[in-house]
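Structural features, examined
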Amino acid sequence: MNKPKIVVLGGGYGGLQTVVKLQKSIRENDAEIILVNNHPYHYETTWLHEAAAGTLQPDRVRYSIEDIIHPRKVQFIQDTVEKIIPEEKKVQLGSKELSYDYLVVALGAEVETFGIQGLKEHALTISNLNSARKINEHIEKEFSTYQAEKEKVDERLSIVVGGAGFTGIEFLGELVNRIPKLCADHQIDPQKVKIYCVEAAPTVLPGFDPELVEYAKKVLEKKGVEFYIGTPIKECTKEGVLVDKGNGETELIQANTVVWAAGVRGNSVIEKSGFENVRARVAVDPHLRAPGYQDVFIIGDCSAVMNKETNRPYPPTAQIAMQQGKLVAKNIKNLLQGNNDLETFVFDNKGTVCSLGEDDAIGVVFGKKITGFKASFMKKVIDNRSLFLIGGVGLVLKKGKLKMF
Ligand code: FAD
Ligand code: NAD
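Residues numbered from 1 in each chain as written. Chains lettered and ligands numbered in written order. Predicted model: local features only at pLDDT ≥ 70, side-chain atom pairs only at ≥ 80, totals over all residues. Heavy atoms only, no water.

Moving on, we get to the UniProt feature "domain: FAD/NAD(P)-binding" (unreviewed entry) in the protein chain. Cross-referencing UniProt, the feature "domain: FAD/NAD(P)-binding" (unreviewed entry) maps to residues 5-325 in the present numbering. Along residues 5-325, the helical share is 29% and the strand share 29%, with 17 Å between the first and last C-alpha atoms. (UniProt positions renumbered as here; feature names shortened; annotations may be inferred. Helix = DSSP H or I, 4+ residues; strand = E, 2+ residues; numbered from the N terminus.)

What follows concerns the site of ligand 1. Not every one of the 30 residues close to ligand 1 is listed here, only the nearest: Gly14, Asn38, Val81, Asp301 and Lys379. For ligand 1, an oxygen atom lies 3.1 Å from a polar atom in the backbone of Tyr13. Thr45 places a polar side-chain atom, nitrogen or oxygen, 3.3 Å from an oxygen atom of ligand 1. Considering ligand 1 on its own, with 1,000 Å² of exposed area, one finds that the protein chains cover 87% of that surface. Those elements giving two or more residues to the shell around ligand 1 turn out to be helix H1 (13-25), helix H6 (166-186) and helix H9 (318-336). Top element by residues in the shell around ligand 1 is H9. It accounts for three residues. Of the residues belonging to the shell around ligand 1, the class tally is nine nonpolar, 17 polar and four charged. (Near = heavy atom within 4 Å. Polar contact = N/O pair within 3.5 Å; in protein donor to acceptor, adjacent residues only side chain to side chain. Areas by Shrake-Rupley, 256 points an atom, 1.4 Å probe, with all protein chains shown as cover. Nonpolar A, V, L, I, M, F, W, Y, C, P; charged D, E, K, R; others polar.)

Ranked by size, the top nonpolar core spans 111 residues in total, and within it Leu9, Ile169 and Ile298 carry the most contacts. Taken domain by domain, this core gets at least three of its residues from each of domain 1 (5-38 + 79-111 + 264-349) and domain 2 (119-260). Look past the residues within four positions of Ile298 in its chain and what remains in contact with it is Val105, Ile270, Phe275, Val282, Val284, Leu288, Ala290 and Ser303. Listed in part, the 15 residues of the second largest apolar core include Ile116, Val198, Tyr228 and Ala255. (Core = buried A, V, L, I, M, F, W, Y, C linked by side-chain atoms within 4.5 Å. Buried < 20%, exposed > 50% of the residue type's maximum accessible area, 1.4 Å probe, protein only. Domains from an automatic or database assignment. Contact = heavy atoms within 4.5 Å.)

A word on the environment of Gln23. Here Gln23 shows up in helix H1. For Gln23, a relative accessible area of 10% gives the class buried. For Gln23, the contacting residues outside a window of four places in its chain are Ile33, Ile68, Ile69, His70, Lys73 and Val74. Within the local environment of Gln23, its side chain forms a polar contact with the backbone nitrogen of His70, the two atoms lying 2.7 Å apart.

A cluster of nonpolar side chains, namely Phe388, Val393, Leu397 and Leu402, defines an oily patch on the protein surface of about 410 Å² accessible area. By the element assignment, Phe388 lies in helix H10 (residues 372-399). For Phe388, a relative accessible area of 44% puts it in the partly exposed group. (Patch = residues over 30% accessible without salt bridge, like charges linked within 9 Å, V, L, I, M, F, W, Y side chains within 5 Å. Salt bridge = Lys/Arg side-chain N within 4 Å of Asp/Glu carboxyl O.)

This next bit is on the domain arrangement of the protein chain. On domain assignment, one finds that the protein chain holds domain 1 (5-38 + 79-111 + 264-349) and domain 2 (119-260). When each unit is reduced to the centre of its C-alpha atoms, the spacing between domain 1 and domain 2 is 35 Å.

This part covers the site of ligand 2. The immediate surroundings of ligand 2 are formed by 25 residues, with Thr167, Glu199, Ile233, Pro316 and Val353 found nearest. Taking Glu199, its side chain carries an N or O atom lying 2.5 Å from an oxygen atom of ligand 2. Of all the secondary-structure elements, those providing two or more residues to the shell around ligand 2 are H6 and strand S25 (351-355). Considering every element that reaches the shell around ligand 2, the biggest residue donor is H6, with three residues. Lining the shell around ligand 2 are residues from two domains, each supplying at least three of them: domain 1 (5-38 + 79-111 + 264-349) and domain 2 (119-260).

Before going further, it helps to spend a moment on the sheet that holds S25. Taken in spatial order, the three strands make up an open sheet running S25-S26-S27, and their pairing is antiparallel. Each having just a single partner strand, S25 and strand S27 (368-371) make up the two edges of the open sheet. With direction set aside, neighbouring strand axes in the sheet form an average angle of 10°. For strand S26 (residues 361-365) and S27, the ladder comprises four bridges, and the chain directions are antiparallel. What sits directly across from Gly363, in S27, is Ile370. (Pairing = 2+ DSSP bridges. Axes fitted to C-alpha atoms, helices over the stretch in contact; angles between N-to-C directions.)

Within the element layout of this structure, Lys194 appears in strand S13 (residues 194-198). With 14 residues separating them in the primary sequence, Lys194 and Pro180 have C-alpha atoms 12 Å apart. When sequence neighbours within four positions are dropped, the list of residues in contact with Lys194 reads Leu157, Ser158 and Ile159. Within the structure, Lys194 has its side chain in polar contact with the backbone oxygen of Gln191 (distance 3.3 Å).

Here you go:
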């Protein structure tokens, strides 16, 4: 008899957590498990801002998927998911087609550009390991070209970060720590470097605790960041960004480096596959299934789970993706055993910590506000915890942030 086939799409936080839990709880003969990912490695999306700023080597941010999966229980396919055909229980990959009995979609996020002109052509983004690496290489190249050229072009040393959400702020925290070293390497006066953060909302980190927001803003300002608040980016050009200053006034901020960190949407595979969605995120049922499809689970940044207190979906985070992966694995195991009584997903929010470089941070953990060393320590604990949940102590020892003090 053919074994039921479980196909997991995406080897990020949600997908790997699902696979790791499935391989622990399901016997070899009970099901065929297939994991599809476009790279042979998993990268820590939550550390990408460090690779982008050059404060962490790209290789530190990733680990091999083959090292995590059980070879007899899980088949790994490195390929690109093009489309899901849920009516036929099929997935179209770049090189072949796969059928499934149960599907878990965990393909993560893509950058949201809101149709703003010029962003796709001229801005860099922190969306995967290669795009993060490109930012560091681009900044390095601008600094070395500046040093070598006779007629200095000051815009080479100007960097605009679009968006002061968690991604923008965490990237700035790394960048301001990296600049002194970069300047020393290229014999450049640090005073010449300009770092701008442009935010559309009336505050940095909209929605976060105002006292902590103020702390973060002050730390970054002290290290040279100039904030443009309540100032949406309207257009991105070769010269920099055009911002709306209100009352019909605009300003061009000239910079050779523009990093767009102003929002995410789900994966475009969701839209191509015809699932009901808002910005490529699917409002899943209480068991994390796509409406109308009992055999398709959607988790992580491609899913939207309502927070009943705010009446808005929870923000997409690694924390929620991993909790969803754990639950889906449990529910699939139950289904395989003929138990159709599925568990409901309830998000257990343990808090949020936003780093401000390696040595500083702000956060709310278990309801308590923390800043400085305490918060920074907690951030490293969280980073190590996600490694532990996927690869145990071995992965923490290999890839973890073990320099805690
Ligand atoms: P991901 O972990 O992004 O994984 C998606 C996987 O799918 C990737 O391996 C990708 O290569 C693969 N993939 C994508 N498209 C295809 C395709 N077509 N075919 C095949 N494979 C594909 N959240 C927190 O909780 N805490 C934090 O501190 C935090 N920090 C962050 C810092 C940064 C800089 C960023 C950008 C995000 C941060 N987040 C944080 C958010 C968090 O990273 C995401 O919510 C989380 O990664 C979502 O998990 P996921 O499993 O849905 O997707
Ligand atoms: P976000 O949507 O949280 O923030 C984007 C910011 O860009 C917002 O403040 C928005 O007002 C601003 N913006 C939008 N359009 C703009 C424009 N035209 N001009 C200027 N500013 C504009 O996106 P993010 O920061 O990439 O975060 C994505 C998800 O990842 C969130 O759910 C976040 O919680 C999560 N995340 C968490 C952490 C952490 O926990 N430490 C770190 C990074 C990301």
